[in-house]
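Reading the structure
Each chain, written out:
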Amino acid sequence: MPSIAIVYFSGSGHTHLTAEAIAEGVRKTGNHVELLRIKGEQITNGRWQDDEIMEKLDRADAIVFGSPTYMGGVAAQFKAFLDASSSAWFSRKWKDKIAAGFTHSGSLSGDKQGTLIYLSIYAAQQGMVWVGAGDLPSQYLGKTDGVNRLGSFLGIMGQTIMSMTGGEAILDSGDRLTAEYFGQRIAEATKRWNLAQVAIAA
């Protein structure tokens, strides 16, 4: 059974809710999933370190990367994690693992594509196999469930109007459903890829 790790940073809670929805989609396929949250306290003198998280990522068959989009790119906390994972790059530990990505911001655009492009380039440098979103925007299909309402295919995007009151984070119902479908797609792609690798090895 494939094991999928979702590693992410969440500032105000929206990216965390997206990660949970992706995990729910993975669980619906019967596969194992683990949420690994990057936190500021894991960073000392600008360097991120958490050996336990790295060990879990090394063991996973697929890694899903998530970060809010801040100023057109990944959050600084998440960038610190990505930079620290250069040890996996040197040893090619993550080569041929399935990879995917997601992001969230307060604006409909918010230059979120820049974050997904960065994450996909990072995965390519690691030698990973990138899986994008597979669902058409529901409005093109005459549906009103809000699936892929922002029309993103490289990965998935979510959007919630920024609140200055510090209230509880909420996720658009369409974004939540998109994330669940994405989790299912990643799990199914990981299973197919693993079976193909076994067949090649045989």
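Residues numbered from 1 in each chain as written. Predicted model: local features only at pLDDT ≥ 70, side-chain atom pairs only at ≥ 80, totals over all residues. Heavy atoms only, no water.

Take a nonpolar patch on the surface next. On the surface, L136, Y140, L141 and F153 cluster together into a nonpolar patch covering about 450 Å² of accessible area. Along the polypeptide, F153 turns up in the loop between β8 (129-130) and β9 (156-159). Assessed through its relative accessible area of 40%, F153 is described here as partly exposed. (Patch = residues over 30% accessible without salt bridge, like charges linked within 9 Å, V, L, I, M, F, W, Y side chains within 5 Å. Areas by Shrake-Rupley, 256 points an atom, 1.4 Å probe, with all protein chains shown as cover. Salt bridge = Lys/Arg side-chain N within 4 Å of Asp/Glu carboxyl O. Helix = DSSP H or I, 4+ residues; strand = E, 2+ residues; numbered from the N terminus. Buried < 20%, exposed > 50% of the residue type's maximum accessible area, 1.4 Å probe, protein only.)

With that out of the way, let us pick up unusual backbone geometry. Phi angles above zero are rare outside glycine, and M71 is one such case at about 50°. As for its position among the elements, M71 is in the loop between β5 (62-70) and β6 (73-74). Positive phi values are uncommon outside glycine, yet D96 reaches one of about 70°. Position of D96 among the secondary structure elements: in the loop between α4 (86-91) and β7 (98-105). A residue is classified by how much of its surface remains accessible, and D96, at 34% relative accessible area, is partly exposed.

Enumeration according to the criterion identifies 5 aromatic pairs in this entry. The interplanar angle of 50° and the centroid separation of 5.3 Å between the aromatic rings of F78 and F81 together place this pair among those described as tilted. Of this pair, F78 and F81 both sit in helix α3 (residues 76-84), 3 residues apart, which is roughly one turn of the helix. An identical accessibility class is assigned to F78 and F81; each is buried. Geometrically, the ring pair formed by W89 and F90 is edge-to-face, given 4.9 Å between the ring centres and 75° between the ring planes. When its relative accessible area of 36% is taken as the criterion, W89 is described as partly exposed. Using a relative accessible area of 64% as the deciding quantity, one classes F90 as exposed. The rings of W48, F78 and F81 are connected pair by pair, giving a single aromatic cluster. (Phe/Tyr/Trp six-rings, centres within 6.5 Å; stacked < 30°, edge-to-face > 60°.)

What follows covers the nonpolar core. Residues V7, L57, F65, F78, F81 and W94 are the most contacted members of the largest nonpolar core, which totals 25 residues. Mapped onto this core, the elements with two or more residues apiece are β1 (3-9), β2 (32-38), α2 (51-59), β5, α3 and α5 (112-125). Among the elements that make up this core, the one with the highest residue count is α3 (4 residues). Apart from the residues within four sequence positions on either side, L57 is in contact with A5, V7, L36, I63, F81, W94 and K97. Y8, A19, A62 and A100 belong to the second largest nonpolar core, which has 22 residues in total. (Core = buried A, V, L, I, M, F, W, Y, C linked by side-chain atoms within 4.5 Å. Contact = heavy atoms within 4.5 Å.)

Another aspect to go through is the pairing of β1. The buried fraction of β1 is high, at 6 of 7 residues. As a crossover connection, the stretch from β1 through helix α1 (residues 14-28) into β2 is right-handed. In the sheet, β1 pairs with β5 via 5 bridges, with the strands oriented parallel. Each residue of the ladder has a partner; that of V7, found in β5, is F65. (Right-handed = clockwise from strand over helix to strand, strands pointing away. Pairing = 2+ DSSP bridges.)

In this section: α5. Compared with the 20 Å implied by 1.5 Å per residue over 14 residues, the 20 Å span of α5 between its first and last C-alpha is a close match. Those residues of α5 that fall on the buried side of the exposure criterion are K112, T115, L116, L119, S120, Y122 and A123. Down the axis of α5, the sector holding all buried residues measures 155°, keeping them to one side. The inward-facing, buried residues of α5 abut β5, β6, α3, β7, β8 and β9. (Expected span 1.5 Å × (residues − 1). Arc of directions from axis to C-beta.)

Applying the stated criterion across every chain yields a total of 8 salt bridges. A salt bridge links K56 to E34, with the nearest nitrogen and oxygen atoms 2.9 Å apart. Here E34 lies in strand β2 and K56 lies in helix α2, a separation of 22 residues in the sequence. Note that E52 and K56 form a salt bridge whose closest N and O atoms lie 3.3 Å from each other. With E52 and K56 both in helix α2, this residue pair falls 4 residues apart, about one helical turn.

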